[in-house]
There are 4 protein chains.
Amino acid sequence: MAVEWKSEIKAAVPTRMRAAVLERPWQVEIREMAVPELGPYDVLIKVMAVGVCGSDVHYYEHGRIGDFVVEKPIILGHECAGVVAAVGSQVTRVKVGDRVAVEPGVTCGRCDACKSGRYNLCPDVAFLATPPYDGAFVEYFKHREDFVFPIPDHLSFEEAALVEPFSVGIHACKRAGVQAGSRVAVMGMGPVGLLTVVAARAFGAAEVYVSDLEPIRLEAARRLGATAAINVKEQDAAEAVRALTGGEGADVAIETAGNPKALQSALMSLRRGGRLAIVGLPAQDEIGLNVPFISSYEVDIFGIFRYANTYPQGIRFLASGRFDVKSLVTDRYPLEQAKDALERARTNKSGSLKVMVYPNGLPMSG
Amino acid sequence: MAVEWKSEIKAAVPTRMRAAVLERPWQVEIREMAVPELGPYDVLIKVMAVGVCGSDVHYYEHGRIGDFVVEKPIILGHECAGVVAAVGSQVTRVKVGDRVAVEPGVTCGRCDACKSGRYNLCPDVAFLATPPYDGAFVEYFKHREDFVFPIPDHLSFEEAALVEPFSVGIHACKRAGVQAGSRVAVMGMGPVGLLTVVAARAFGAAEVYVSDLEPIRLEAARRLGATAAINVKEQDAAEAVRALTGGEGADVAIETAGNPKALQSALMSLRRGGRLAIVGLPAQDEIGLNVPFISSYEVDIFGIFRYANTYPQGIRFLASGRFDVKSLVTDRYPLEQAKDALERARTNKSGSLKVMVYPNGLPMSG
Amino acid sequence: MAVEWKSEIKAAVPTRMRAAVLERPWQVEIREMAVPELGPYDVLIKVMAVGVCGSDVHYYEHGRIGDFVVEKPIILGHECAGVVAAVGSQVTRVKVGDRVAVEPGVTCGRCDACKSGRYNLCPDVAFLATPPYDGAFVEYFKHREDFVFPIPDHLSFEEAALVEPFSVGIHACKRAGVQAGSRVAVMGMGPVGLLTVVAARAFGAAEVYVSDLEPIRLEAARRLGATAAINVKEQDAAEAVRALTGGEGADVAIETAGNPKALQSALMSLRRGGRLAIVGLPAQDEIGLNVPFISSYEVDIFGIFRYANTYPQGIRFLASGRFDVKSLVTDRYPLEQAKDALERARTNKSGSLKVMVYPNGLPMSG
Amino acid sequence: MAVEWKSEIKAAVPTRMRAAVLERPWQVEIREMAVPELGPYDVLIKVMAVGVCGSDVHYYEHGRIGDFVVEKPIILGHECAGVVAAVGSQVTRVKVGDRVAVEPGVTCGRCDACKSGRYNLCPDVAFLATPPYDGAFVEYFKHREDFVFPIPDHLSFEEAALVEPFSVGIHACKRAGVQAGSRVAVMGMGPVGLLTVVAARAFGAAEVYVSDLEPIRLEAARRLGATAAINVKEQDAAEAVRALTGGEGADVAIETAGNPKALQSALMSLRRGGRLAIVGLPAQDEIGLNVPFISSYEVDIFGIFRYANTYPQGIRFLASGRFDVKSLVTDRYPLEQAKDALERARTNKSGSLKVMVYPNGLPMSG
């Protein structure tokens, strides 16, 4: 139980710790370093579970994502949960011993984006594992208290770490107006796509049509609530969705694959007045979209960048236990095998769903 | 005239039929009359199940609701479902033999309200069982095809009839912005309140707090997904909700009781920036509301009048089978006992939830 | 004055009339035909002014627009205003002698699009001058009363005819959320673009940046309220807008040119969280859009197809007299010169703005 | 510390300054005190113009507003503009010598309200002249840079100070959805009401109906763009608005008087589907509202508390010069006569509109 840990954890905060550091592309080393000092509003997180995200793998392979370039060694990992190990002098929201989910981007709170409620667009955000900021493949890190969220006892650290990719799905569903009874197509069944299926169900979607080319992912989607699975090796996704909706088209389509064809299919699967959320980041800049269709069907398109104001909502929803998101975790590694975790995520796309790293020891029961 | 009748049903369409007619307050008689003629866009509904609504009981007792006065004998009943028995020459949306839910208000389609998507505010709506329009306590009635919605085979007529009060809950949740993870207070656990609980869950509410003074209704609410039940004989509802939310207040409150105190509690249970939907129609006109609270908390208040564009959504959601709404039906009567059904609904508020009338015979298995 | 006309107009309704008929591409003939009979909800319009739209010119040249193919002779013209010459038996909204603007698309009022307030997406709309429906290059035509809107005495028929293209601008501003103080870029200064400038100012835009390649159109835009004019022969429009907003980007961009480059510039001119409305219909289907920009800036994109619920609003605004939209009319032709009007609009893009046809005689003072 | 001061201003920053201090109700004294020290993100404002608000007068008379109690001497005044006299080490948004408008409430940027874009609901806001925070009846005060907004040269300090009450009107219009062509009723023509008229016109309202009982205020409203003025001594405001809209009712009503009857009239003046914004703070808590009307007309009601994200928008709009808001300033006092200014505002409601105080000298030309 959480409260019992309090003293022992306080006692357990060391001055030195280990981290998995990406020295340069392909090279991850375990380094020892000082446990960070806390400012007045900081919380020291003892990291219990960290999901490996596609962006971690991308930095590991390429050393950059767009304008974000790894110019010095960096600690990866931003989908994380842990225990509060210490708090700064002014912290009031959490206390030592609290089990918490961590929202990875700390925003300025003072720019137009922040003030208008779209803090995910803050140009000065400090986001874990995004250069020049370090991430969570480490035993401890500090974080501003307002981005640290207590979780109920029965929510596991793994589930709490999954609130991060789940938040992307929530944000997409919110912006695209998924509602009770909606018919939603989700393209791409990587972890974000799978959690978008959960989010769509959480928002009340009556039917969720999913597409991918890996059977394992389509099966996982079905377990998480998809009502129809389209293997794009066998069917055109837009045509399949249109057939599934009696020719009418989906109310909402959400593209999570970052694939031009998937994006085009998502668009063309919509009904008149349908809404498209673009989550996936394609490799190329320009993608051809059917503009006369957008106009004549009065489609709304919403670009999705991370999320805002989703954590309490996401925690409450996962805590309800309605969906078995834990089944998404297919591979587990201790901190010292962080490189193996990254390699697993990189190479086993047809077998793994979510790979997790445990900086303070593997959980006892998988 | 439709030639494509399913033969067994065609054979069954008689020229004469029976109806339960409210001759004057308290007096209901079974009358025989002609089965109606169809216009080109009309559908003939063989009525299989009709819920008794509070408004039916009110007309039965008082002969009027506000400006709507029963000036000549009227057939009551507007929450209904049935089978398509015949269709007009231009009908394309349904065919003979289809099992259907009936949206009771037929709108003009040409006024500002209709054109702006708020057809529930159409001043020229013809609404079943609202003077001067007859309702559904009858073997057959005709209805314009665009307000007749096919239902899947596994949805019972009772459930399909419940789409009507469920629609009120859907509309309230939609206007008040209930979302995945929302914390919602629903005041008043009559049938509309109970179905609003279902709607709130359908929209993804993580927590639903309900209030009433009848234990049977609070228990029913729990079965349908309420996470906390407040007996207003024992607790102040606003204070109870505030306590349940750690002092913060609910995101959304929905008043369905038509009770001034319940309305005031609903308002005062909200968080800063909370939203209130007013569904219940109080007996008196003026109700004192805390205006400085509305201003300083920037509450949004939404008046709710019936619903619009809810039927396909509501059918899809009930068809998902996630909630056991059938358990709401506590009393069943054949057409000839329509008066008993009205009396039951009028007098057994602490024992009955939804009373149903079956103009074409009681269902075989309750 | 309008009311004085009443008797003389009634007397003046003949049984035969003239129309300008497009027999086939490039061939327009003046034909005589019967004045139409009225149904109970119909209004007979004596046509006083009709604007020539790009779509009229397109049918004149190509005999089709996309899936709409002219398969038999058709009367063009849909931007029109006139006088009520006769009314059907059930008409209540207008009376003989009323001066009116005509909203050209008559919708079914019963489909999902109509019921949800987006009747511009009605698949069964009967739209003037869109095959197979005739238009307004004719002395009289009939129209359902709910799409006929009285105008104040001081609004000219020309201005009332301009409510149609103005409606497109209103609809785009409404969907894209133009507000008091907004900074709006409008690409393409054809008549719709110019009236979108007026609409943006009507919605309170503080700054309106416009682009085109014709100086006459850029000058007209300035007269109508544009605060900066960008000649795309000289400057990149996106860069120019970015410079005009101190590097930040516009709040809203509206593309009206139907030009791929203009669309791309509109997108790239936006700030983080900006909104793009796509009004112009490009000749090709697929246009390359910068998807990573859409995602990382969380752009909203809104397809625009005609308009809905704009007429009373548009009439009230033009009646305020704040902008000199009459100056848009550069060329005037009587009905018998309808072909000349089409040719003028087709060939004089650098000199003409809006070409008008007057089926019942040229106005006395331009 | 800022080195780039305009020299003449730098020379002018003293170490001591004068302030008008409310010692207790009715007692205002001129005190000398130290010019404040700046933190890294602070800006030192040399105050040039401060409007007297009803809340200032209320604290002056009663020593409290609701839960806000003046427990020690306080400096009043929060509607202010001035010149940047010095900047903290990290300030980037403004520089010494900039003429600026000051948004008076500095928010935490970290609570749910701030993060969701509704920072006006921040429970930890530090708002000028609201206990325990001092205000602007002083020669200099410091303010966080993100609430200090540069103004163009041609906008006067008086106009810049008026951006504060104008912001209330903007926020009300935004929340209540005033649009181009809207018909808006504004009840109560105090300064906030008058600036709400300007805001409604700025948002494109075609018709603005105003009510008050002071002819001078109704005349001022007409000058600022009201299209009809209702003296509530002579007419019932709701009936008058209904008549002015041909029986239909207004699209939006905004109550700014804090008067129960005005609020009731505002509500009852609405059309079906109309929207009500409550700006005025009534003296009593409970006000009787017609709830059946709210339900059956599906009215939306929006509580309004201050404003958020309005300053750049408000400055841009006032800078356009379209409305003569300067004419609102009827009385001008130097700092040492701050008490006279408060008395003038308190006692001359039928003669004064906005009373201004000039802590650094009266402007040369009124």
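Residues numbered from 1 in each chain as written. Chains lettered and ligands numbered in written order. Predicted model: local features only at pLDDT ≥ 70, side-chain atom pairs only at ≥ 80, totals over all residues. Heavy atoms only, no water.

Asks: What's the story with the interface of chain B and chain A in this structure? I'm lost.
Replies: Often the size quoted for an interface is simply the accessible area lost on bringing the parts together. Listed as interface residues are 15 residues of chain B and, on the opposing side, 15 residues of chain A. The largest contributions to the chain B side of the interface with chain A come from Gln179(B), Ala180(B) and Arg316(B), which together make up 39% of the buried area. Our count for the contact surface shared by chain B and chain A stands at 2 salt bridges. Between Asp251(B) and Arg316(A) there is a salt bridge, and its shortest N-O distance comes to 3.9 Å. Summed over the shared surface of chain B and chain A, the result is 6 residue pairs in polar contact (both at pLDDT 80 or more). (Contact = heavy atoms within 4.5 Å. Buried area = accessible area lost by both parts, 1.4 Å probe. Salt bridge = Lys/Arg side-chain N within 4 Å of Asp/Glu carboxyl O. Polar contact = N/O pair within 3.5 Å; in protein donor to acceptor, adjacent residues only side chain to side chain.)

Asks: It is not clear to me how the confidence of the model for chain A should be interpreted in this structure. Could you clarify?
Replies: Close reading of the predicted structure is inappropriate where its pLDDT is low. Residues and elements named next belong to chain A. Across chain A, the average pLDDT comes to 94, with 96% of residues at 70 or higher. Between residues 1–9, whose pLDDT stays under 50, and residues either more than four places distant or in other chains, the model counts 11 contacts. We note a pTM of 0.95 for the whole complex and an ipTM of 0.95 for its interfaces. (pLDDT = per-residue confidence, 0-100.)

Asks: Can you walk me through the relation of the copies chain C and chain A in this structure?
Replies: The two chain copies are related to each other by a rotation about an axis together with a translation along it. Placing chain C over chain A gives an RMSD of 0.0 Å and needs a rotation angle of 180 degrees, together with 0.0 Å of translation along the axis. Each copy turns onto its partner about a two-fold axis. Relative to the rotation axis, the C-alpha of Gly288(C) is the closest in chain C, positioned 2.0 Å from it. (Least-squares fit on C-alpha atoms with pLDDT ≥ 70 in both.)

Asks: For this particular structure, what's the right way to read the packing of aromatic side chains?
Replies: A ring pair, where both rings are aromatic, is described by two values, the distance of the centres and the angle of the planes. Applying the stated criterion across every chain yields a total of 30 aromatic pairs over all chains. Both rings, one in Phe166(D) and one in Phe317(D), keep their centres 6.3 Å apart while their planes meet at 40 degrees; by these two values the pair is tilted. With Phe166(D) in helix α4 (residues 157–175) and Phe317(D) in helix α10 (residues 311–319), this pair connects stretches of sequence that are 151 residues apart. Note on accessibility: Phe166(D) and Phe317(D) belong to one class, buried. Look at Phe317(D) and Phe323(D): their rings are 6.1 Å apart centre to centre, the planes differ by 35 degrees, and that puts the pair in the tilted class. Phe317(D) sits in the buried class, given a relative accessible area of 6%. Classification of Phe323(D) as buried rests on a relative accessible area of 14%. Taken together, the ring pairs connect Phe149(A), Tyr307(A) and Tyr311(A) into an aromatic cluster. (Phe/Tyr/Trp six-rings, centres within 6.5 Å; stacked < 30°, edge-to-face > 60°. Helix = DSSP H or I, 4+ residues; strand = E, 2+ residues; numbered from the N terminus. Buried < 20%, exposed > 50% of the residue type's maximum accessible area, 1.4 Å probe, protein only.)

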